[in-house]
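Coordinate inspection notes
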Amino acid sequence: MPAEWEPQRCVQLTWPNAATDWAPMLDEITAVYDEMKREIEKREPVLVVGDDIPHNDTWARDHGFITVEETSALRHEPSDILLLDFRFNGWGEKFPAELDNQINRRLYDRGLLQGTYEPHLDFVLEGGSIESDGRGTIFTTECCLMAPHRNQPLSKQQIEARLKEWLGAERVVWLQHGSLLGDDTDGHIDTLVRICPDDTLLYIGADADHPDLIEMESELQALHTIGGKPYRLLRLPLPRPIYDEGERLPATYANYLVVNGAVLVPTYAQPDLDREAMDIIQQAYPDREIVGIDCRPVIRQHGSLHCCTMQYY
């Protein structure tokens with residue numbers, strides 16, 4: 001499975017419409033999607049899933065294909081692109097997803113994505129639940145992949161074996177701690193910890209409402225690369241609490257998107273923390289432009305920028 005910073009062919013956006021949960025704020029969320037699309041199109045093509053492909057919701061990260069490079073055993077270099085189609089079940093059957101599960105096959109049948117279609121529709125796996133360094137290590141969280149209504153009765157060992165086989169991984173790093181208040185995903189790794197070039201990990205720090213993040217930080221400090229070296233750790237701030245009808249929303253700066261030549265970072269109209277987060281992300285990606293996108297409308301549906309997108313290689 002490639003690292004996100006490797007050269008990309010395109011990024012998918014599944015567009016909001018009045019049939020989704022965005023209906024009460026359709027103009028507001030469409031403006032954010034327009035901005036995401038403009039910024040991505042400056043650097044690579046955008047694949048838009050529109051109204052002609054029915055969908056329950058717009059979280060392309062979790063219903064989109066997961067791209068894997070098939071390597072020639074003789075040449076040890078990529079020989080084909082595999083488009084892995086896993087089942088999305090609304091983060092453990094919390095929300096309807098039957099239409100979302102038909103998107104990938106429809107895109108493929110229309111010839112809009114090139115590669116070999118590989119169905120795994122008997123296994124639940126969301127793109128936001130895994131991170132790859134492109135060199136054989138996959139990060140995930142126990143609280144997500146072992147959550148109810150996903151892949152029971154499979155054991156942790158059985159799930160890990162499948163990840164290694166399908167994603168071409170040598171090892172799977174399971175974080176035991178880390179979650180955000182208001183998170184519907186049961187602890188997606190892309191809200192907590194992101195793998196970056198040069199054995200760097202960007203991760204979110206703790207506040208008084210998230211003591212579990214302190215335990216997560218200790219886990220990261222004890223981790224080593226597949227080569228036995230400690231990771232370089234860069235700690236991102238948490239945005240100040242954002243509420244909707246009294247409920248704290250899972251705002252996080254870790255939910256950024258890497259595209260060709262840039263990193264698109266969610267911001268939350270908190271200039272000091274937005275700037276601090278962007279400066280820290282710049283340390284991890286010194287050769288890329290850092291672009292902030294106001295994601296306050298997105299967070300009202302408990303997601304952010306990375307959740308809205310899926311890159312293809």
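Refer to the preceding data block for the structure.
Quick summary incoming for the structure in this document. Sequence positions are assigned chain by chain, starting from 1 and proceeding in written order. Two thresholds apply to this predicted model, a pLDDT of at least 70 for residue-level local features and 80 or more for giving and counting side-chain atom pairs, whereas whole-chain, interface and lining totals are computed over all residues. Note that water and hydrogens are dropped before the side-chain values are worked out from all heavy atoms of the structure.

Counting its regular elements, the protein contains nine helices and 17 strands. In terms of its C-alpha atoms, the protein occupies a principal-axis envelope of roughly 50 × 50 × 40 Å. For every residue, the accessible area (1.4 Å probe, protein chains only) is compared with the maximum for its type, and the residue is labelled buried under 20%, exposed over 50%, or partly exposed between those bounds. In the protein, which comprises 313 residues, the proportion classed as buried is 58%. Of the roughly 12800 Å² that the protein leaves accessible, carbon and sulfur atoms contribute 49%. Secondary structure counts use DSSP, requiring at least four H or I residues in a row for a helix and at least two E residues in a row for a strand, with both numbered from the N terminus. Note on areas: Shrake-Rupley, 1.4 Å probe, and residue coverage restricted to the protein chains presented here.

Here a salt bridge means any side-chain nitrogen of Lys or Arg lying within 4 Å of a carboxyl oxygen belonging to Asp or Glu. This structure, assessed with the given rule, holds 21 salt bridges. Among the ionic pairs, Glu 289 bridges to Arg 43, the shortest N-O distance being 2.7 Å. Taken as a pair, Glu 289 in strand β16 (residues 289–294) and Arg 43 in the loop between α1 (26–41) and β2 (46–49) lie far apart in primary sequence, 246 residues in all. Residue Arg 150 is joined to Glu 126 by a salt bridge in which the shortest nitrogen-to-oxygen separation is 3.2 Å. In this pair, Arg 150 is assigned in the loop between α5 (142–145) and α6 (156–167) and Glu 126 in the loop between β5 (116–124) and β6 (131–132), connecting sequence segments 24 residues apart. Look at Arg 150 and you get buried, because its relative accessible area is 6%. Salt bridges sharing partners connect three or more residues here, namely Glu 39, Lys 42, Arg 43 and Glu 289.

For Phe, Tyr and Trp, rings pair up if their centres lie within 6.5 Å, where Trp contributes its six-membered ring, and each pair is then called stacked (planes under 30 degrees apart), edge-to-face (over 60) or tilted (otherwise). Counted according to the given criterion, the structure contains 13 aromatic pairs. Seen from their ring centres, Phe 65 and Tyr 312 are 6.5 Å apart, and the 70° between their planes marks the pair as edge-to-face. Here Phe 65, found in the loop between α2 (60–63) and β3 (66–71), pairs with Tyr 312, found in strand β17 (residues 309–312); they are 247 residues apart in sequence, far enough to count as distant. For Tyr 312, a relative accessible area of 0% puts it in the buried group. Where Phe 139 meets Tyr 231, the ring centres are 5.9 Å apart and the plane angle is 85°; that geometry is what we call edge-to-face.

Note on terminology: disulfide describes a covalent bond linking the sulfur atoms of two cysteines. A pair of sulfur atoms, both from cysteines and within 2.5 Å, is called a disulfide here. Applying the stated criterion across every chain yields a total of zero disulfides. Cysteine Cys 10 remains unbridged, with the sulfur of Cys 308 as its closest cysteine sulfur at 16 Å. Residue class for Cys 10 comes out buried when judged on its relative accessible area of 10%. Cysteine Cys 308 remains unbridged, with the sulfur of Cys 307 as its closest cysteine sulfur at 6.5 Å.

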